[in-house]
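# Report on the structure
Letter by letter, the chains look like this.
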Amino acid sequence: MISPEQVLKEKFGYDSFRHEQQAIIANVLKGSDSFVLMPTGGGKSLCYQIPALIFGGVTVVVSPLIALMKDQVDALRVNGIPAAFVNSTQDAGEQREVIDALKNNSLKLLYVSPERLFSNDGHFLNFLKKCEISLFAIDEAHCISQWGHDFRPEYRQLALLKQHFPKTPVIALTATADRQTREDILDKLNLDNPSIFVSSFNRENLFYAVEKKAEMFRKMTDYLEDHRDDSGIIYCLSRDGTESLAAKLFKKGFKAKAYHAGLDQQTRQQHQEEFLRDDIRIIVATVAFGMGINKSNVRFVIHADMPKNIEGYYQETGRAGRDGLPSDALLFYSPGDVIKLRGFATVENNFAQTEIMLAKLNKMASFCEIRTCRRKFLLNYFGEEAPVNCGNCDTCVNDYEKIDATIPAQKLLSAVFRLQGRFGANYVVDFLKGSDSEKIRAEHKLLKTYGAGAELSKNQWMDYLRDLVALGYLQQTDDKFPLLKLTEMSGPVLKGEEQVWLVKASEQKEEKKYAAKTELPYEKELFDLLKSLRKQLADDDKVPPYVIFSDATLVEMASYFPLTIDEMRKISGVGEMKLERYGGNFLKEIQQYCIDNQLSSKIHQKTVGRQPRSSAPKEKLPDTKFISLDLFKRGKSITEIAALRNFSTNTIEGHLAHYVATGEIPLEAIVERSKVPAIEDAIQRYGNNALKPLKDALGDEFSYGEIKAVIAWMERNL
């Protein structure tokens, strides 16, 4: 049986697994149920796609969106994997073709929606019982939970799968779920003693930044001006907001279009296709756009409005940088966003869920307001530890001045203590400042701490308060009106046993740094040429460009300059089918660029893992001699080819001699006609079994390559 490592390399072009992919795949292959929580862009799809290619039957993938199905199927087919989907975009004939393929057992993966799976009183489900179903994969599994951010009631029916297919393993996958949502997913799906795999939520390549909404359009266009060649998504809260912003950006010369559920289906589909195929660079959308979109070359996600919860924010920002290259997540925030969103967080006739939604909204607001590490805040939210400084968010890279804030911290903690943890942030700060407002209770005005913080403004105290919450010295309850309470960390500060260092209150810096560029010293001009070629090939094949090769793969090509088929195999993301289909086109572009710029291959500098034996028919692929022939036919001299390929001229002459024997190159293209009689005479006297005696007899005026060419020509003419 073929190994998962072989499938990974041959079909997908990768040398090693990431996160817990290997353990997950092993669990699926032994027939056990699995629950997988893995960050967006972490490679969840491979966890079921690789077993699908090893199992004998077909894997059924339950997916919530039509766009996601088409995206995945396009990518699989380009890799030579038989896959299909069944959904409402197909006519009866197209659906019949898929059904026939299922009957013939000629598909490895079938994508369906939960609605389709349970349609017509279980007719489709009963049909699947007649097929060889090897695995069910439930993508975007958080949709089954009412605590999740994209609850889909129809997902609840998926609990029936284990009743209908008790012996078929199920793998449920999601990128975004807090502890409560995870428990709900496992409870609702009725899995059989599943193995649980939780990978780190840390997206190291994403740079998180929050800007104040004041002058948002100017700040946004300044950023976009620096990223004109990049693809990105801008999220807005309202439909009107998407259309208005898209129109303003278009007037500014940016290739931007709107996407929201209010547009007719044809327009939505057209705008999405244009974005996926890089015909437009920016899509301005509501959250209706993007679930499961696998466009790997999104370099930035901008939120023009604050999301409703951390889960939604995490998933939406996760659509940037899926290829692992540095990318930005920029959010524009105003406290007014929180007030606006409170209405959306209210669930009619469901007090418990309303409380949870409001608590999530408050956490989102806290993320926007903190001046400590944003990555730490996100990871802590999902129950994961993180260092105090990540080095890749706005608060960590912009070097805000830190001061000894032990005394302000003691005043704040003391105020919360004196008020017995029964009041919120605004009341605590007003009390601390000695406000004369009637809202401050008379008995509180008699307390020692009342008015102890009059030296700072309310905004400054709010800054310190948010920092103390973020660092764990204070906590806010998850209520509609959150209360401030002390924590275990409060005591040592109040007793003077611990210093507290905070960002200087109200310090602001207008200019912020954003994501660093890729660490690989790649040739930007070559990268752009390869992107242009990729776009052309993608248009010809009617697929999005990233389906051909990701930006990360092109960056490697533009860094290491692979010049042969074997060298191209060492580039991550180049599987055998793509190598056969597209390898020659990209090699020609790289070879020409290297000739023009006097560059040679650097593939020896790339460290690669073990490469499994390839089962692809190598004779279909151009070999090293063919590369030399191709360059020779394009007018390059033997000396130029040798320099380009980092070979000796003798080696290149040997390559070309092979094509003298086949008649593809005339002898005089390599050997001057005047030299041929002398070489013929030497061959007749000494034979052609060994080249050295011939070379010794002919002298330094004749090269080994010339001798090889004449031998080949004579053998052809026997």
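Whatever comes next refers back to the structure up there.
This text gives an overview of the structure that appears in the document. Just so we're clear, the structure is a prediction, and the values are computed from it rather than from any experiment.

### Comments concerning the nonpolar core
Judged by nonpolar contacts, the single largest core of 76 residues is most densely connected at Leu110, Leu117 and Leu128. The biggest single contributor to this core is helix H15 (residues 351-369), with 5 residues. Once residues within four sequence positions are removed from consideration, leucine 128 is found in contact with Val60, Leu102, Leu110, Leu117, Ile133 and Phe165. Leu533, Leu579, Ile638 and Ile641 belong to the second-largest nonpolar core, a separate cluster that totals 64 residues.

### Here we look at the sheet that holds strand E1 (residues 34-37)
Taken in spatial order, the 7 strands of this open sheet run E3-E4-E2-E5-E6-E1-E7, and their pairing is parallel. On the outer flanks of this sheet lie strand E3 (83-86) and strand E7 (195-198), each paired with one strand and no other. The average undirected angle you get between the axes of adjacent strands in this sheet is 20°. Running over the sheet, helix H3 (residues 46-54) touches strand E2 (58-62), strand E4 (109-112), strand E5 (133-138) and strand E6 (170-174) and is turned about 135° from E4. Strand contacts of helix H5 (residues 92-103): E2, E3 and E4, with the helix running at about 130° to E3, the strand carrying the most contacts.

### Some details on the environment of arginine 534
With respect to the helices and strands, arginine 534 occurs in helix H22 (residues 524-541). Given the relative accessible area of 1%, arginine 534 is considered buried. Measuring from C-alpha to C-alpha, the distance between arginine 534 and isoleucine 548 comes to 6.8 Å, with 14 residues separating the pair along the chain. Excluding anything up to four places from it in sequence, arginine 534 contacts Asp278, Asn297, Pro545, Tyr546, Ile548, Phe549, Ser550, Asp551, Leu554 and Phe586.

### Focus on the packing of helix H13 (residues 310-317) against helix H16 (residues 374-381)
At their nearest, the axes of H13 and H16 sit 11 Å apart, and the two run at 120° to each other. With respect to their mutual orientation, H13 and H16 come out oblique. Two packed elements cross with a definite hand, and for H13 against H16 that hand is left-handed. In this structure, H13 uses Ile310, Glu311 and Tyr313 to contact H16, whose residues at the interface are Phe377, Leu378 and Tyr381. Class assignment of the residues belonging to the contact of H13 with H16 gives a composition of 5 nonpolar, no polar and 1 charged.

### Comments concerning the packing of aromatic side chains
Going through the model one piece at a time under the given rule, you end up with 16 aromatic pairs. Measuring from ring centre to ring centre gives 6.2 Å for phenylalanine 124 and phenylalanine 127, while their planes differ by 40°; the resulting arrangement is tilted. Separated by 3 residues within a single helix, phenylalanine 124 and phenylalanine 127 lie in helix H7 (residues 119-129), roughly one turn from each other. Ring pairs connect the aromatic residues Phe201, Tyr314, Tyr381 and Phe382, which therefore count as one cluster. When the ring centre of phenylalanine 367 is taken as origin, the NZ or CZ atom of arginine 374, which lies over that ring, is 5.7 Å away. One cation-aromatic arrangement involves arginine 673 over tryptophan 713; the distance from NZ or CZ to the ring centre is 5.9 Å.

### Let's talk about helix H1 (residues 4-12)
The buried fraction of H1 amounts to 7 of the 9 residues, a majority that puts the element mostly inside the structure. Of the positions making up H1, those classed as buried are Pro4, Gln6, Val7, Leu8, Lys9, Glu10 and Phe12. If you follow the buried residues of H1, they end up packed against helix H2 (21-29), H3, helix H4 (66-78) and helix H26 (576-596). Positive backbone phi, at 80°, marks glycine 13, one or two positions downstream of H1.

Analysis parameters
- Residues numbered from 1 in each chain as written.
- Predicted model: local features only at pLDDT ≥ 70, side-chain atom pairs only at ≥ 80, totals over all residues.
- Heavy atoms only, no water.
- Core = buried A, V, L, I, M, F, W, Y, C linked by side-chain atoms within 4.5 Å.
- Buried < 20%, exposed > 50% of the residue type's maximum accessible area, 1.4 Å probe, protein only.
- Helix = DSSP H or I, 4+ residues; strand = E, 2+ residues; numbered from the N terminus.
- Contact = heavy atoms within 4.5 Å.
- Pairing = 2+ DSSP bridges.
- Axes fitted to C-alpha atoms, helices over the stretch in contact; angles between N-to-C directions.
- Parallel < 35°, antiparallel > 145°, perpendicular 65-115°, else oblique.
- Left-handed = near helix turned anticlockwise from the far one by under 90°.
- Nonpolar A, V, L, I, M, F, W, Y, C, P; charged D, E, K, R; others polar.
- Phe/Tyr/Trp six-rings, centres within 6.5 Å; stacked < 30°, edge-to-face > 60°.
- Lys NZ or Arg CZ within 6 Å of the ring centre and 35° of its normal.

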